[in-house]
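Per-entry structural report
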There are 4 protein chains.
Amino acid sequence: MSRSADFCTVRTLTEQLAAPLGPEDQTVQSMPDVSPTKWHRAHTSWFFETFVLQPHAPGYRSFDEHYRMLFNSYYDAVGPKHTRTERGLITRPGVEEVGAYRRHVDAAMLQLLDGPVDATVDGLVELGLHHEQQHQELLVMDIKHVLSCNPLDPAYGPLPWAEPATAAVPAWIDHPGGVVPIGHDDVGFSYDNETPRHEVLLHPHRVAGRLVTAGDWLAFMADGGYERPELWMSDGWHTACAEGWAAPEYWRPSDAGWAVFTLGGVGPVDADSPVVHVSWYEADAYARWAGARLPSEAEWETAAPPPTSGLGDWYGTVWQWTASPYIAYPGFRPSAGAVGEYNGKFMVNQHVLRGSARVTPPGHARRTYRNFFPPH
Amino acid sequence: MSRSADFCTVRTLTEQLAAPLGPEDQTVQSMPDVSPTKWHRAHTSWFFETFVLQPHAPGYRSFDEHYRMLFNSYYDAVGPKHTRTERGLITRPGVEEVGAYRRHVDAAMLQLLDGPVDATVDGLVELGLHHEQQHQELLVMDIKHVLSCNPLDPAYGPLPWAEPATAAVPAWIDHPGGVVPIGHDDVGFSYDNETPRHEVLLHPHRVAGRLVTAGDWLAFMADGGYERPELWMSDGWHTACAEGWAAPEYWRPSDAGWAVFTLGGVGPVDADSPVVHVSWYEADAYARWAGARLPSEAEWETAAPPPTSGLGDWYGTVWQWTASPYIAYPGFRPSAGAVGEYNGKFMVNQHVLRGSARVTPPGHARRTYRNFFPPH
Amino acid sequence: MSRSADFCTVRTLTEQLAAPLGPEDQTVQSMPDVSPTKWHRAHTSWFFETFVLQPHAPGYRSFDEHYRMLFNSYYDAVGPKHTRTERGLITRPGVEEVGAYRRHVDAAMLQLLDGPVDATVDGLVELGLHHEQQHQELLVMDIKHVLSCNPLDPAYGPLPWAEPATAAVPAWIDHPGGVVPIGHDDVGFSYDNETPRHEVLLHPHRVAGRLVTAGDWLAFMADGGYERPELWMSDGWHTACAEGWAAPEYWRPSDAGWAVFTLGGVGPVDADSPVVHVSWYEADAYARWAGARLPSEAEWETAAPPPTSGLGDWYGTVWQWTASPYIAYPGFRPSAGAVGEYNGKFMVNQHVLRGSARVTPPGHARRTYRNFFPPH
Amino acid sequence: MSRSADFCTVRTLTEQLAAPLGPEDQTVQSMPDVSPTKWHRAHTSWFFETFVLQPHAPGYRSFDEHYRMLFNSYYDAVGPKHTRTERGLITRPGVEEVGAYRRHVDAAMLQLLDGPVDATVDGLVELGLHHEQQHQELLVMDIKHVLSCNPLDPAYGPLPWAEPATAAVPAWIDHPGGVVPIGHDDVGFSYDNETPRHEVLLHPHRVAGRLVTAGDWLAFMADGGYERPELWMSDGWHTACAEGWAAPEYWRPSDAGWAVFTLGGVGPVDADSPVVHVSWYEADAYARWAGARLPSEAEWETAAPPPTSGLGDWYGTVWQWTASPYIAYPGFRPSAGAVGEYNGKFMVNQHVLRGSARVTPPGHARRTYRNFFPPH
């Protein structure tokens, strides 16, 4: 597929994801870590405008000069940025103007891509599309939180892509240990943090062939999982106590047992489906309770088939916590320029997740992909 | 004017005030003390639904049962209420549904008012209209704050009523002291907190015949008004230091001197116009600096002509802080029922303001009116 | 009694109050509103050093120049001061050096008082002694809080003065209303906030002849006093909910009913003794529950016999909340100089208490005395 | 040396460290992470009482039953514990009683050690002594913070042991990479977190042969080290901005350049001495500025000579940050029982430090020792 066609596909999907949401839905920031839908739509356009059009499209005219500051996320090298926690205060530009901004950027991008583009520009466009796919995932996660704050439990609706179909793999996948390579081999796209490919020494271990289910989790809860400090990291235990954790996020007690808020509204917890929305602290405590531990990211990467294999449920259901703190690979060099702020500066106080989630857009998963979140 | 006609007039004005605002503008809560426009529109309708239609209109059907909780403000006796600080999280019902809710309530109210109504119901309708007028004022104050948080400085536009025209009064109005009556005489509408009318003993004093101007305030600032603790109450000084106060709210330094954010956007401070948006702490410090003091509410009420006189600038420009903490008048009895929660339970930690403001809707001012806000 | 003898008596009493406390007890600040015993001992000496000795005792040498900043409380006009919330961080000077500081100041003061002193100086000494008496009361209140934080419930021990003996007065004291004088008549000592004496207009009312007892309070609690929002000011209700109030401060549930932590350790609540350590919010809610209201300070002052009469329990048991916010009397002028910061700058967000408490040192009560505290 | 003699040596050193401190110094907790000297003295005794005497010394009588709760630190398995942040509120038991408590425990311990002890008990005593050595280090670090809060800058005085004497090593120590063993070999004492010994794969690298000096740090500061976000992890940058970092902890600007608060009082910064009291965020930013990176803990352990070699400044000056997040070694098993809470439950959100510090008591350092602190 051409870069142009890719561009259209990815950009259109963002608009499809926003389509079920009214202007009110798209404006609100329900907590500091959430960004408004409208902001995701604008910020992903800002990325192309800032890193591709302004430096590389002669004669390009900005849609609005103020957007440079308004829709910057965290790129300190680009200049001032609007405070993250105040994204929900920006009522204007409204949803319609943001739509117009997207169309303005799309037109200029397609015109640019219609001519010859050098490798640098093409690489930036590719990066921008992967960036937008990440924001598609965030957009869905964030609007889920926004809607969950409404006591009326409104539904978002179905996602515009199919459920993953998976074929069974062994219950446990054994590895004898030894030196193995991990990281991206530079064929095709990757983020800088997946490189360089390098060797690591694994010790003998085995990895589970399936995900932890809600039923497994109910057993953990029934056995006092949320009340036994010996199962928890100290930081996790204090967080769990301070915030009153007693079940995964979005689970709610009901007269008929545990219910769960999803993009489709509220329904009963399904014991057979994988548990989602658990923090690293919870996953770590669960593993300890189960007499196991979380895999390291090298163990995960060594065990997992590629996303296109259809084997196992490594991809498309839930990002999987690993035991690995998120740090640089040996010899890591951030990309040059402002896009080098993309990954490297977050390499502390986070853990790596591998795989991909139900809300990850199709085609975005890779075996070497390193997602990361703080443990809470 | 009939109660029906009154009803139409007041309800229509709310919609006129919301008209310049898009769905995004109407949804956001920019700080805990601010409520979204959409919420003001719904809550004022909720008041009529809850206190008039449900108890007194046989056969009335609620627009949506969930609104009972969603749009309650602070009436504990009515049942659970949605948390005030989370009003900005409610994206649904959206602006269109809130418009439909208003029309639903209006239709039922007009049908009710079309028939004979007893004095109780009529009193509740009258109260509801005054309540809505208060929220009209709040709606404008709140949207001003919302828009001021936007770095693009968007304008709301003109208010749908004229500027007050005022005729001069003496520079100082002297009073020899003595026992005078204050409070409402029960002819026409008043809130419970304006009653009972009673006598107070005034000491000799005089009250200024005009408001403090921005120019006066600039002199106060130039003389170190915000840097001299001896001018301030201790609480005020600590608040001013902690929050870095250096000028009235919405004033901003600019290359061309002080500018100010208004409903019409940003422009230069006009030295001749009355200063607005100052806290009690600031007003009290200013008065001390000027070798004076704030008037008590009894002194204010004794000095002020009625709102219809056109004399002085007592009404229609800015609510005026008094030296009086907001407490009950001797013999005060709150109204019966949930509407009795309207005023009485706020009688601590606040000060009385008198007069009315530029954003107060026409006809809402009274000489005995007791507005109240915390000193910060 | 001569001023010298007064001085010795008051200064000695402070040392007697500190005597049961070890260096560890005297050093700790258990919350921001509490000051260490050691600090009270030093600060009261600092007052004499700063306002009497340095300006008026030729040749006086400071004990330590650093103490000027270290033991200033809130007198902005005197210069920088150590942060109030960090008083508990000062381990040096220790208790012994503070004792030496007191002896140094005492020696210089007695030498000064041995000669002729003009009225200004004498007035400052008198003020300093009343100031020290206030701090004696605070010292005991504060150490009670410190000791109450210890899970071992240590006792302070008995106070070095007798319990008040009181003679009965009528159950209700009626007043027909009318203009009455209140405030201090300038015979003998008073603080500036008790002046000027002036007339107020009372409305007909009656004041209870006895204090509310713990037994009364238990009835209030049994009737849901802490669970019924309609009894409370809105601010009070939110404070009570946020802090989980369910009984007066220092009351603790026990297997044998309510117990209470006192200066003598922990024991059962005595239903017949007056309730103490209740906030204004609680007192106001109690009064509303009892079908009454708190008296205004003018009503209290009009009803109360003088402290020396032995009639009623107006003095020596507990400071009594009034309905009156703490504001300036008409014509109030703060004292000149830094001592003018003593009272006036606190005249907002507080309520007046009248009478005196069990921990008030003998001779410190006056009928016109205006104590004040925030409502929480 | 016998275990008895070891016991006497370690316990005596704690008392020597406390000797320069008065009761006031020993009582205060200057921030939540600091514990009072008195608490350190008591808690280390509690460790022997709880884990050795009560289970293993027949007929042992507790000094005071309340101490079980009062001086527990974080051992959830032992029962309730006093809140960490409130250690500074406990004025009683005082310093004298804590001294008596120590003597009581010492007598019982020496009696126990005088007879035959099995390996379990001996292991617990050994652990208790290493535990007490850790608290000796903390005691000194904590009292430094307490004294630094005093505007009078009081000095603690000299430490009761000599400065380390070090012999030079190469400027850079090269390593060709390959599989190397790290971790403790179980000869002599270690904490559980140093085990099991295992192999890791190193990549080619080199490690600096000397510590970063204050002079190096001044160059970093002069080059905008604290003002350039590109040098910092994102979390570090936000922490640095929020807390206004502009130099290492305890550095203070003075008219004569940078001064520093030390245990000996305040003096000028010595450019030749190693920089101390920098966070991981600062160390990481410095390394990036210097065109280098922090070593991993495996790299450090491979490069460092043993503590007894006298080569290099690996030990006795400052704990050295590594790039390694603190996680479990492969195959890690916590010790059994409550002492198993010692290390394992802190394996998240921290980084490993290696070596030892000026305040580490003699004999406490090991090449495999894993110290850990949060990055701020």
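So, on to the overall build of chain A. Per the secondary structure count, chain A includes ten helices and ten strands. For 376 residues, the compact-globule formula gives about 21 Å, and the C-alpha radius of gyration of chain A, at 21 Å, lands near that figure. Reported as C-alpha extents along the three principal axes, the dimensions of chain A are approximately 65 × 55 × 35 Å. A total of 376 residues make up chain A; the buried ones form 55% of that total. A sequence separation of at least 24 residues applies to 76% of the contacts in chain A between residues at least 6 apart. Accessible surface for chain A amounts to roughly 15600 Å². Of this, 56% is attributable to carbon and sulfur atoms. For chain A, the centre of its 27 positive side-chain charges and the centre of its 45 negative side-chain charges are spaced 3 Å apart.

Another aspect to go through is the pairing of strand 8 (residues 320-325) of chain B. Residues and elements named next belong to chain B. Burial of strand 8 is extensive: five of the six residues sit out of reach of the surface. Two strands pair when backbone bridges link them, and strand 8 and strand 9 (residues 351-354) are joined in this way by three bridges, in the antiparallel orientation. Bridging from a neighbouring strand, Pro325 pairs with His351 of strand 9.

Turning next to helix 1 (residues 3-18) of chain D. The α-helix advances 3.6 residues per turn, and as a result positions three or four apart in sequence lie on the same side. All names here are of chain D. With 16 residues, helix 1 extends 23 Å between its outermost C-alpha atoms, agreeing within 8% with the 22 Å of an ideal straight helix rising 1.5 Å per residue. When we look at burial in helix 1, the residues that qualify are Phe7, Val10, Arg11, Leu13, Thr14, Leu17 and Ala18. With its buried residues spanning 150° around the axis, helix 1 presents them on a single face. Those residues of helix 1 that are buried are in contact with helix 2 (23-27), helix 3 (37-56), helix 5 (95-114) and helix 6 (119-148).

Take the sheet that holds strand 10 (residues 371-373) of chain B next. Note: strands within a sheet are paired through backbone hydrogen bonds, in either parallel or antiparallel orientation. Residues and elements named next belong to chain B. Read from one edge of the open sheet, three strands run 8-9-10, paired in antiparallel fashion. Strands with a single pairing partner mark the edges of an open sheet, and in this sheet they are strand 8 and strand 10. Ignoring strand direction, the axes of neighbouring strands in this sheet form an average angle of 40°.

Our focus in this paragraph is the sheet that holds strand 8 (residues 320-325) of chain A. All names here are of chain A. In spatial order, the strands read 8-9-10; together these three strands make up an open sheet with antiparallel pairing. At either margin of the open sheet sits one strand with a lone partner, and together these are strand 8 and strand 10 (371-373). Averaged over all adjacent pairs, the angle separating strand axes in this sheet is 40°, with direction ignored. Sheet topology places strand 9 (residues 351-354) next to strand 10; three bridges connect them, and they run antiparallel. Residue pairing in the sheet places Leu353 in a bridge with Asn371 of strand 10.

Before going further, it helps to examine the interface of chain D and chain A. Counting residues at the interface gives 25 residues for chain D and 25 residues for chain A. Run the count over chain D and chain A and you get zero salt bridges. Inspection of the chain D/chain A interface yields eight residue pairs in polar contact (both at pLDDT 80 or more). The set of elements that each furnish at least two residues to the side of chain D that touches chain A consists of strand 3 (198-202), helix 8 (234-243) and helix 9 (280-289) of chain D. Of all the elements, strand 3 of chain D adds the most residues to the side of chain D that touches chain A, at four residues. Classifying every residue of the side of chain D that touches chain A by side-chain character gives 15 nonpolar, six polar and four charged.

This part is about unusual backbone geometry. Phi is mostly negative for residues that are not glycine, and the peptide bonds are mostly trans. Across the junction of Arg92 of chain A and Pro93 of chain A, the peptide omega takes the value 5°, indicating a cis bond. Along the polypeptide, Pro93 of chain A turns up in the loop between helix 4 (67-70) and helix 5 (95-114). The peptide bond linking Thr195 of chain D to Pro196 of chain D adopts the cis configuration, its omega dihedral lying at -5°. Inspection of the secondary structure assignment puts Pro196 of chain D in the loop between strand 2 (178-182) and strand 3. A positive phi angle, near 65°, is found at Asn349 of chain B, a position not held by glycine. Inspection of the secondary structure puts Asn349 of chain B in the loop between strand 8 and strand 9.

Turning next to the relation of the copies chain A and chain B. Between the two copies, chain A and chain B, the superposition gives an RMSD of 0.0 Å; the rotation angle is 180° and the shift along the axis is 0.0 Å. The superposition operator between the copies reduces to a two-fold rotation axis. Within chain A, Glu24 of chain A has its C-alpha nearest the rotation axis, a separation of 2.7 Å.

With that settled, consider the relation of the copies chain D and chain A. If you rotate chain D by 180° and push it 0.0 Å along the axis, it lands on chain A with an RMSD of 0.0 Å. Taken as a fraction of all interface residues of chain D, those also at the interface in chain A reach 100%, which identifies the copy contact as same-surface.

Glancing now at the packing of aromatic side chains. Residues and elements named next belong to chain C. Within the structure shown, the criterion is met by 112 aromatic pairs over all chains. Residues Tyr67 and Phe71 carry aromatic rings whose centres are separated by 5.2 Å and whose planes lie at 85° to one another, so their mutual orientation is edge-to-face. By relative accessible area, Tyr67 is classed as buried at 2%. Using a relative accessible area of 4% as the deciding quantity, one classes Phe71 as buried. Measuring from ring centre to ring centre gives 5.9 Å for Trp251 and Trp258, while their planes differ by 50°; the resulting arrangement is tilted.

Before going further, it helps to spend a moment on the interface of chain A and chain B. Taken together, the contact pairs 31 residues of chain A with 31 residues of chain B. Of the roughly 2300 Å² buried at the junction of chain A and chain B (both faces included), carbon and sulfur atoms supply 62%. Contact with chain B buries area across many residues of chain A, yet Glu24, Leu89 and Arg92 of chain A alone supply 31% of it, more than any other trio. Counting the contacts that link chain A with chain B gives two salt bridges. The closest approach of N and O atoms between Asp25 of chain B and Arg92 of chain A, which form a salt bridge, is 2.9 Å. Counting every contact that joins chain A to chain B gives ten residue pairs in polar contact (both at pLDDT 80 or more). The set of elements that each furnish at least two residues to the side of chain A that touches chain B consists of helix 2 (23-27), helix 4, helix 5 and helix 6 (119-148) of chain A. The element best represented in the side of chain A that touches chain B is helix 2 of chain A, accounting for four residues. Split into classes, the residues belonging to the side of chain A that touches chain B amount to 17 nonpolar, nine polar and five charged.

The next thing to look at is the side chain of His364 of chain D. Following the sequence through the fold, His364 of chain D ends up in the loop between strand 9 (351-354) and strand 10 (371-373). Once residues within four sequence positions are removed from consideration, His364 of chain D is found in contact with His130, Gln133, Gln134, Tyr191 and Tyr369 of chain D.

Below, the discussion takes up the environment of Trp217 of chain B. All names here are of chain B. Here Trp217 shows up in helix 7 (residues 214-222). Look at Trp217 and you get buried, because its relative accessible area is 1%. In this structure, the C-alpha to C-alpha distance between Trp217 and Ala283, residues 66 residues apart in sequence, is 9.8 Å.

With that settled, consider the environment of Pro204 of chain C. Residue and element names in this part refer to chain C. Structurally, Pro204 can be placed in the loop between strand 3 (198-202) and strand 4 (205-208). Expressed as a C-alpha distance, the spacing of Pro204 and Val169, which sit 35 residues apart in the sequence, is 19 Å. When near neighbours in sequence (up to four residues on either side) are disregarded, Pro204 contacts His175, Pro176 and Gly177.

Before going further, it helps to spend a moment on the arrangement of the chains. There is a clear gap between chain A and chain C: no contact, and 15 Å between their nearest C-alpha atoms. There is a gap between chain B and chain D: no contact, and a shortest C-alpha distance of 15 Å.

Here we come to helix 9 (residues 280-289) of chain C. Residue and element names in this part refer to chain C. Across the ten residues that make up helix 9, a large majority, eight, are buried. What helix 9 keeps buried is the set Trp280, Tyr281, Glu282, Ala283, Asp284, Ala285, Tyr286 and Ala287. Packing partners of the buried residues in helix 9 comprise helix 7 (214-222), helix 8 (234-243), strand 8 (320-325) and strand 9 (351-354). Just beyond helix 9, the residue with positive phi is Gly291, at close to 75°.

Criteria and cut-off values
Residues numbered from 1 in each chain as written. Chains lettered and ligands numbered in written order. Predicted model: local features only at pLDDT ≥ 70, side-chain atom pairs only at ≥ 80, totals over all residues. Heavy atoms only, no water. Helix = DSSP H or I, 4+ residues; strand = E, 2+ residues; numbered from the N terminus. Rg over C-alpha atoms; globule rule 2.2 N^0.38 Å. Buried < 20%, exposed > 50% of the residue type's maximum accessible area, 1.4 Å probe, protein only. Contact = heavy atoms within 4.5 Å. Areas by Shrake-Rupley, 256 points an atom, 1.4 Å probe, with all protein chains shown as cover. Lys, Arg positive; Asp, Glu negative; His and termini not counted. Charge placed at Lys NZ, Arg CZ, Asp CG, Glu CD. Pairing = 2+ DSSP bridges. Expected span 1.5 Å × (residues − 1). Arc of directions from axis to C-beta. Axes fitted to C-alpha atoms, helices over the stretch in contact; angles between N-to-C directions. Salt bridge = Lys/Arg side-chain N within 4 Å of Asp/Glu carboxyl O. Polar contact = N/O pair within 3.5 Å; in protein donor to acceptor, adjacent residues only side chain to side chain. Nonpolar A, V, L, I, M, F, W, Y, C, P; charged D, E, K, R; others polar. Least-squares fit on C-alpha atoms with pLDDT ≥ 70 in both. Phe/Tyr/Trp six-rings, centres within 6.5 Å; stacked < 30°, edge-to-face > 60°. Buried area = accessible area lost by both parts, 1.4 Å probe.

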